[in-house]
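Report on the structure
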Amino acid sequence: MRYFVKPIILVFFLLTACAPAEPDTVSLMIVNVSVINPVDGKTLRNKDVIISAGKISAIRPHSVKYTPDATILDGTGKFLVPGLIDGHVHTGTIAGLSFAQSEKYPELTKAYFAQQPRSFLYFGFTTVVDLNGNQESFDRFEKEEIHPDLFNCGQALILEDGYPAIFVPREVRQYVFPNQLYDPRIKNHTPGITQKRNTVKNAVQKVKDQGGICVKTFHEDGFAKSIWPVPTAEMLARIRAESTRQNLPLLIHANSYDSTRAAVIAGADAVAHGLWNWDQFADEKQLPRELMGILDQMIARNVAQMGSLQTIAGLRDLFDDSYLNRPQVATVLPPAYLDQLKRPQGRWYRDDLVNGYPTNMNDDDIVRRLDNVLSHGQQAQKYFYDRGGRVLFGSDTPSGPLATNIPGYNGYLELSRMADTGLSLPDILKSATITNARFFGLDKQYGTVEVGKLANLLLMSKNPLETIEAYDAIDQVILHGQVIDRTSLKAK
Ligand SMILES: [Zn+2]
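Residue numbers restart at each chain and count upward from 1, following the sequence in its written direction. Only residues with pLDDT of at least 70 get local features here, since the model is predicted, and only at 80 or more are side-chain atom pairs given and counted; chain-wide, interface and lining totals rely on the full set of residues. Excluded from the side-chain calculations are hydrogens and water; all other atoms, namely the structure's heavy atoms, are used.

Bringing the overall build of the protein into the picture now. The helix and strand tally for the protein stands at 16 helices and 18 strands. For a compact globule the rule gives 2.2 Å times the number of residues to the power 0.38, and the radius of gyration it is set against comes from C-alpha atoms. The C-alpha radius of gyration computed for the protein amounts to 24 Å, which stays within 12% of the reference 23 Å derived for 492 residues, consistent with globular compactness. Viewed in the frame of its principal axes, the protein has a C-alpha envelope of about 80 × 60 × 50 Å. Buried residues are those whose accessible area, probed at 1.4 Å on protein chains only, stays under 20% of the maximum for their type, while exposed residues exceed 50% and partly exposed ones sit between those limits. Burial status across the protein gives 57% buried among its 492 residues. Here a strand is any run of E in DSSP of at least two residues, a helix any run of H or I of at least four, and the numbering for each starts at the N terminus.

Here is the structure:
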């Protein structure tokens, strides 16, 4: 037997030694390009990136030897980065139409959702993570011919009578939020919610069974004053324990001093949202010591922060009448849909928001208040970042059905906002690629331009390490090795 084995091994070695430098399945060569590594912010110049079967198969010094039949993409003077990962989207929420409007205009709703995946791609988001969606919206998204890779946290764990369940009438809550948690503190339970069935254990199991890669829950007691019930420390501890048991990272929605503290005590892996609601310190101009203390604790315990400042900036943009006329908006929203938003009825969300403020506040007062909240969020993000906090990228697109949180463009604005806050350009790129990939356990396939990883790439005409505008200067989006001209992704 031994005599037979040896020649076979020898033949195997000879074959490998003689194997061509690249597989003959090469489908795409991006030649003479500057490849940016988001891990260390270094650039490898004059490289050829070889793509086979949707993956990166080689990266080597530029040569003029091209594989026959392969598509050649000239990268001369251009920059290649991994596709961006938006860690906080909602594929089922329509940005701009109320529930009644989307029922009234089914063709507009259809056009919006058909364009949505293309809009994310248009601004370079080749991967998105839906933090609270449903199977129907995931299926609709993935049914489109081209779409970013979609991951999700399944249905978020929501307290019955808690945020955001309270926005939906009780009769239909079970349908909209199928993963509600029984709250022993209330008397009248939501129909269908039982102590036996709606446990933390079952809820996390459901996320896992449906293919979720993370667990999301909420700690939100009210946007202006404390009015909604929040999970107790015991409930959060149980959610933490079950998430750990299922090996899923836990994201807790929190944006105030109290809620961020609760998330840190609970041992969240990430706080979804920035610390912009300063509670009793709301009138302070500079970041108070107490808040610094919470941010220090987040850093010490390696709790990541997903700033999502567009949540606030989007509300503020409702008062910017030029928003809908910006050229980028027309690239990502279908024309008929955009026309609808420009009609008087398109202002419904702004009207609702204004009605929520005291009557003695006019639009200017509201804008001033929102600007103040945004500045607070930016100060907290800067403090956290300057001290080495782990910053995740998530735009919360859309944070609600508002017209100023539109797919793709909102992510671009979030990147720009981070630059305004004072994060360095290399760190912004890192956050939206490898940091997110690692956090969600996707880094084997995503997050860098590396041999063996998926060929989800962006070819840019500007350098993202030098200007934030590079994210709006994408020439081609490469999705699983397929080259897509950015202009072809425009809304029609
Ligand atoms: Zn969200």
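Moving on to the coordination of the zinc ion. Because water is not among the atoms used, a metal site may look incomplete, as its donors are only the N, O and S atoms within 2.8 Å, or 3.2 Å for Na, K and Ca. For the zinc ion, the full set of protein donor atoms is H88 (NE2), H90 (NE2) and D396 (OD), at a range of 2.1 to 2.4 Å. Each donor residue of the zinc ion lies on one chain, and together they are spaced H-x1-H-x305-D. Residue class for H88 comes out buried when judged on its relative accessible area of 1%. On the basis of relative accessibility, which here comes to 11%, the residue H90 falls in the buried class.

In this description, strands pair whenever DSSP reports at least two bridges between them. Two elements, strand β2 (residues 42–52) and strand β3 (residues 55–61), share six bridges in a ladder whose sense is antiparallel. Residue pairing in the sheet places K47 in a bridge with P61 of β3. Linking two consecutive strands that pair antiparallel, namely β2 and β3, is a turn of two residues; a positive phi of about 50 degrees is found at A53 within it.

Side chains three or four residues apart in an α-helix point the same way, a direct result of the helix having 3.6 residues per turn. Of the residues making up helix α13 (residues 348–355), those classed as buried are W348, R350 and L353. The elements touched by buried residues of α13 are α2 (99–104), α10 (310–317) and α14 (363–386). What makes two residues a contact is simply this: any of their non-hydrogen atoms within 4.5 Å.

Read across the open sheet, the three strands follow the order β6-β7-β8; overall the sheet is parallel. Here the strands that pair on one side only, and so sit at the sheet edges, are β6 (84–89) and β8 (149–152). The average undirected angle you get between the axes of adjacent strands in this sheet is 20 degrees. Relative to strand β7 (residues 125–130), β6 is paired through four bridges, and the arrangement is parallel. Residue pairing in the sheet places V89 in a bridge with D130 of β7. Structural elements are reduced to axes, namely lines fitted to C-alpha atoms, with helices fitted over the stretch in contact, and the angle between N-to-C directions of any two is expressed from 0 to 180 degrees.

What follows concerns the pairing of β8. Alignment of β7 against β8, held across four bridges, turns out to be parallel. Residue V129 lies in a different strand from β8, and its bridge partner there is F151. Seen with the strands pointing away from the viewer, any crossover whose path from the first strand over the helix to the second strand runs clockwise is right-handed. Following the backbone out of β7, through helix α4 (residues 135–143) and into the adjacent parallel β8, one traces a crossover that is right-handed.

For S395, the location among the structural elements is in the loop between β15 (391–392) and α15 (409–421). A 3.5 Å cut-off defines polar contacts: any pair of N or O atoms within that distance qualifies, except that in protein one atom must be a possible hydrogen donor and the other a possible acceptor, and neighbouring residues in sequence count only when both atoms are side-chain atoms. For S395, the side chain forms a polar contact with the side chain of T397, separated by 2.5 Å.

Moving on: the state of the cysteines. Cysteine sulfur atoms are paired as a disulfide whenever they come within 2.5 Å of each other. One pass over the structure, following the stated rule, counts one disulfide. Note that C153 is cross-linked by a disulfide to C214, the S-S spacing being 2.0 Å. The sign of the S-S torsion, about -100 degrees, decides the handedness of the disulfide formed by C153 and C214: left-handed. Here C214 lies in the loop between α6 (200–209) and β11 (215–218) and C153 lies in the loop between β8 and β9 (158–159), a separation of 61 residues in the sequence.

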